[in-house]
Amino acid sequence: MAPTNQSDQLEPAPADETREIPIRREELAVHVNPRSQVAEQFRSLRNAVHAMNPDGASHTLVLTSALSGEGKSVACLNLALALCELPGIQVLVVDADLHEPSMERYLELPVRQGLTEVLTGSLAIGAAVRKTSVKGLSVMGAGARPKNSSELIGSERMKTVLNALRQRYSYVLIDTPQALTISDASQLGAIADGVLMVVRLGYTPRHYVEQTVNSIEALGGNILGTCLTDAAVIDTAEGYGQRTK
Ligand SMILES: Nc1ncnc2c1ncn2[C@@H]1O[C@H](COP(=O)(O)OP(=O)(O)O)[C@@H](O)[C@H]1O
Ligand SMILES: [Mg+2]
């Protein structure tokens, strides 16, 4: 499938370009505010995820939510950061939200080629993975915005890519678009080991969550649990972001 014009302008990442770029967005509490309550909650989620994996086998996990703006991308990165605190763990975060990519924005990295180009066959997997300044944490950005993301995400190539990544990392965390209206997360859930549902308290109607869970399970996805994000915390963070200092 043909990438958009925007994609033609994206370049592959130079080797090690991102290793020295600090992680400093305040939402990424596990790293920037490690003693906060939010950081502790992500460590609890990490412990629960890790405890489901007593044999230490590699795992691919999809993070999704019914709606956009529920905090799944931030949760994905905080969970990844918490997993990296465990000794010897290598984590890859994959931005499979080809509709509204955000991993590079949260990590303050230059936008480069990524998953789209890997799936269209123009970029090798290794060239799409970038190490971050946090030990054990690597990221694959979304790359260009394709015209038909569902076709790419549902392709045989996606399965091959995920299997290859599973060989190289202890955990592959996959960030996805909202699952109520876009099928990409359900398709990924079907080929990953598990799905974590992110639910923003007081924001998402219960029946939307149920409908989303049903559509993920209908394709064979294995829902491991729910990560609740707190509307109050999110609103506070947005307030801070808008403040002039
Ligand atoms: N734990 C958190 N603490 C503070 N702000 C958060 C937290 N999680 C999400 N947010 C804020 O909520 C908004 C949506 O988060 P995001 O993870 O991008 O949502 P999604 O990926 O579900 O669309 C962003 O403005 C983000 O800064
Ligand atoms: Mg997101």
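Residues numbered from 1 in each chain as written. Chains lettered and ligands numbered in written order. Predicted model: local features only at pLDDT ≥ 70, side-chain atom pairs only at ≥ 80, totals over all residues. Heavy atoms only, no water.

## Quick look at the environment of Pro-146
Mapping Pro-146 onto the fold places it in the loop between β4 (137-140) and α8 (149-153). For the pair formed by Pro-146 and Thr-116, sequence separation is 30 residues and the distance between their alpha carbons is 6.8 Å. (Helix = DSSP H or I, 4+ residues; strand = E, 2+ residues; numbered from the N terminus.)

## Section: the nonpolar core
Among the nonpolar cores identified, the biggest contains 36 residues, and Leu-63, Leu-83, Val-91, Val-93, Leu-137, Tyr-171 and Leu-173 are the most heavily contacted of them. Per-element accounting of this core gives the leading share, ten residues, to helix α4 (residues 72-84). Beyond its immediate sequence surroundings of up to four residues, Val-91 is in contact with Ala-80, Leu-83, Cys-84, Gly-136, Leu-137, Ser-138, Tyr-169, Tyr-171 and Leu-173. (Core = buried A, V, L, I, M, F, W, Y, C linked by side-chain atoms within 4.5 Å. Buried < 20%, exposed > 50% of the residue type's maximum accessible area, 1.4 Å probe, protein only. Contact = heavy atoms within 4.5 Å.)

## Notes on helix α3 (residues 37-51)
Given 3.6 residues per helical turn, the α-helix brings residues three or four places apart onto the same face. The end-to-end C-alpha separation of α3 is 21 Å, in line with the 21 Å expected for 15 residues at 1.5 Å each. For α3, the complete set of buried residues consists of Ala-39, Phe-42, Arg-43, Leu-45, Arg-46 and Val-49. Along the long axis of α3, the arc covered by the buried residues comes to 160°, so they all point the same way. When the buried face of α3 is taken as reference, the exposed residues oriented beyond 90 degrees from it are Gln-37 and Ala-51. (Expected span 1.5 Å × (residues − 1). Arc of directions from axis to C-beta.)

## Quick word on the packing of aromatic side chains
In this structure the tally under the stated criterion is zero aromatic pairs. For Arg-105, the ring lying beneath its charged end belongs to Tyr-106, and the centroid distance is 4.9 Å. (Phe/Tyr/Trp six-rings, centres within 6.5 Å; stacked < 30°, edge-to-face > 60°. Lys NZ or Arg CZ within 6 Å of the ring centre and 35° of its normal.)

## Looking at the pairing of strand β6 (residues 194-200)
Within β6, seven of the seven residues are buried, which leaves it mostly tucked inside the rest of the structure. Burial along β6 is two-sided: Gly-194, Leu-196, Val-198 and Arg-200 facing one way and Val-195, Met-197 and Val-199 facing the other are all buried. Summarising the sheet, strand β1 (residues 59-64) and β6 pair through four bridges and their orientation is parallel. In the strand pairing of β6, Val-62 is matched with Val-195. The handedness of the β6 to strand β7 (residues 223-229) crossover, carried by helix α11 (residues 206-218), is right-handed. (Pairing = 2+ DSSP bridges. Right-handed = clockwise from strand over helix to strand, strands pointing away.)

## Some remarks on the side chain of Asp-97
By the element assignment, Asp-97 lies in the loop between β2 (91-95) and α5 (103-107). The buried charged residue Asp-97 lacks any salt bridge, with Lys-72 as its nearest oppositely charged partner at 5.6 Å. A polar contact is formed between the side chain of Asp-97 and the backbone nitrogen of His-99, at a distance of 3.1 Å. For Asp-97, the contacting residues outside a window of four places in its chain are Ala-142, Asp-175, Thr-176 and Pro-177. (Lys, Arg positive; Asp, Glu negative; His and termini not counted. Salt bridge = Lys/Arg side-chain N within 4 Å of Asp/Glu carboxyl O. Polar contact = N/O pair within 3.5 Å; in protein donor to acceptor, adjacent residues only side chain to side chain.)

## With respect to the pairing of β1
Buried residues dominate β1, accounting for six of its six residues. Burial along β1 is two-sided: His-59, Leu-61 and Leu-63 facing one way and Thr-60, Val-62 and Thr-64 facing the other are all buried. Pairing between β1 and strand β5 (residues 171-175): five bridges, direction parallel. Bridge assignment links His-59 to a residue of β5, and that residue is Tyr-171.

## Here we look at the sheet that holds β1
One open sheet accounts for seven strands, arranged β3-β4-β2-β5-β1-β6-β7; its pairing is mixed. Where the open sheet ends on each side, the last strands, each with one partner, are β3 (129-131) and β7. Taking the axes of each pair of neighbouring strands and ignoring which way they run, one obtains an average angle of 25° across the sheet. Both β2 and β4 contribute to a ladder of four bridges, which runs parallel. Bridged to Val-91 within β4 is Leu-137. Where helix α9 (residues 156-168) meets the sheet, it contacts β1, β2, β4 and β5, and its direction lies at approximately 140° from that of β5. (Axes fitted to C-alpha atoms, helices over the stretch in contact; angles between N-to-C directions.)

## Regarding unusual backbone geometry
The phi dihedral of Asp-16 is positive, around 65°, even though this residue is not glycine. Note on placement: Asp-16 falls in the loop between α1 (5-9) and α2 (29-32). Phi is positive for Glu-108, which is not a glycine, with a value near 55°. Tracing the backbone through its elements, the reader meets Glu-108 in the loop between α5 and α6 (115-120).

## Things to note about the environment of Glu-100
With respect to the element layout, Glu-100 can be found in the loop between β2 and α5. Placed 79 residues apart in sequence, Glu-100 and Ile-21 show a C-alpha to C-alpha distance of 22 Å.

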